[in-house]
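# Descriptive structure summary
In case you want the letters, here they are:
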Amino acid sequence: MEQRPFETGDVPDALLVLNAGSSSLKFSVFLEEEPLRLLLRGEFEELSTHPRFVAHADGAVIGERDWAAGTRLGYEGATDFLFTWGRGGVLGGHRIAAVGHRVVHGGMHFSGPALIDAATLAELEALIPLAPLHQPHCVEAIRAVMRTAPSVPQVACFDTAFHRTQPPVAQAFALPRRYAEEGIRRYGFHGLSYEYIASTLPRTAPAAAEGRTVVAHLGNGASMCALLRGRSVATTMGLTALDGLMMGTRCGAIDPGALLYLMDRHGMDSRALERLLYQQSGLLGVSGESSDMRELLDSTSAAAAEALELFVYRIHRELGSLAAALHGLDAVVFTGGIGEHAAPIRERVCRAAGWLGLELDEAANARGGPCITRPGSRVSGWVIPTDEEAMIAHHTRRVLSATSLEPGPRAPGSR
């Protein structure tokens, strides 16, 4: 028997947002008000080993459950539980009109959010080789919702789409043209985060919104983006989410010759290189201890200190590169888990960027901003929390409105 969407009434008036990770599923529910209002959010963790579920509303826990160790809940079990739990009255009379998904890679075809149908899903699956750590989980979560609630429209919101405004020269690799025509180009990622920050700048930092701003999305995955009047003109990630900054377990920029050396000298094949570059490098690889910034900041080991030094150095180098792409710099914004919460990292980055005209206000930085530079600083610095889920909800509502969909049979996908 078909699962119905969190139903307690006849009018669909809420949006479910899903963000699938390798072993987790984050969710949020937004009410279709103006502006969109967050109703609740939560997460499933360790989906295939020791599943746990928690949901919050207004800072209070409204739902919790643990499964026995060894339980393989998976995305389908998680979505089935979520829809069943939602029908228990926690939505207070609202019903889910659509599900919006964070999808990491949109390739060359998707320059904006897309309604999901069979053809769209096939294209998303074809992009898995470009984002092997992320795209399979996005696809699996979409399929899980299709099985659990097939009448509910789904919308894919892409991390690559925001960067499609970049000039062709910023997207090009110096490879033979036939490979560019095949889709080998710089795409960039974390676009939903950058788009959200760009949408908040007019209220938080109007001068930055109208000027030349570099946003640093620093977390377990990390990248930076140059914004000119709120539009992406350059970013540190490229074809995949490996390039650019050093990350939690990813290496960031690396000489391709080093990969050839590892293949020849150590006999590594593509899968071994994938594990090395995605899972064994970055902060974890250099420190030999952890990929968690909090643990490394507390560590007294020389290797941890070297990992932090390299992390900051790479940010500093990329900041200079992005300032060059912008022909100047007016503001720097920190966001993401590390960018929002690791004051020592922000301090070190800002001090290294003093030559650009950024004068840190130590007390403001310790408080977490929002402005962390002194009055009169030629380049202003900011801490702005990101909200990718809110951006996904916004896009989902827009697609739903444009296609005039009601919950029912899915209409053909749009691009």
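Scope of this entry: the structure provided in the associated data block. (Residues numbered from 1 in each chain as written. Predicted model: local features only at pLDDT ≥ 70, side-chain atom pairs only at ≥ 80, totals over all residues. Heavy atoms only, no water.)

### Regarding the overall build of the chain
Of the regular secondary structure elements, the chain holds 16 helices and 13 strands. Over its C-alpha trace the chain gives a radius of gyration of 22 Å, about what one expects of a compact globule, namely 22 Å for 415 residues. The principal-axis extent of the C-alpha atoms belonging to the chain is close to 60 × 55 × 45 Å. In the chain, which comprises 415 residues, the proportion classed as buried is 54%. Considering only contacts within the chain whose residues lie at least 6 apart along the sequence, 64% involve residues at least 24 apart. With an accessible surface of roughly 18200 Å², the chain has 52% of that area assigned to carbon and sulfur atoms. On the chain, the mean spot of the 38 positive side-chain charges and the mean spot of the 46 negative ones are 4 Å from each other. (Helix = DSSP H or I, 4+ residues; strand = E, 2+ residues; numbered from the N terminus. Rg over C-alpha atoms; globule rule 2.2 N^0.38 Å. Buried < 20%, exposed > 50% of the residue type's maximum accessible area, 1.4 Å probe, protein only. Contact = heavy atoms within 4.5 Å. Areas by Shrake-Rupley, 256 points an atom, 1.4 Å probe, with all protein chains shown as cover. Lys, Arg positive; Asp, Glu negative; His and termini not counted. Charge placed at Lys NZ, Arg CZ, Asp CG, Glu CD.)

### A word on the packing of helix H8 (residues 256-266) against helix H9 (residues 270-279)
Close contact between H8 and H9 brings their axes to 11 Å; oriented N to C, the two are set at 130°. Taken together, the axes of H8 and H9 are oblique relative to one another. Viewed along their axes, H8 and H9 form a crossing whose handedness is right-handed. Listed contacts from H9 to Leu259, Leu262 and Met263 of H8 are Leu273, Leu276 and Leu277. Taken together, the residues of the contact of H8 with H9 break down into six nonpolar, no polar and no charged. (Axes fitted to C-alpha atoms, helices over the stretch in contact; angles between N-to-C directions. Parallel < 35°, antiparallel > 145°, perpendicular 65-115°, else oblique. Left-handed = near helix turned anticlockwise from the far one by under 90°. Nonpolar A, V, L, I, M, F, W, Y, C, P; charged D, E, K, R; others polar.)

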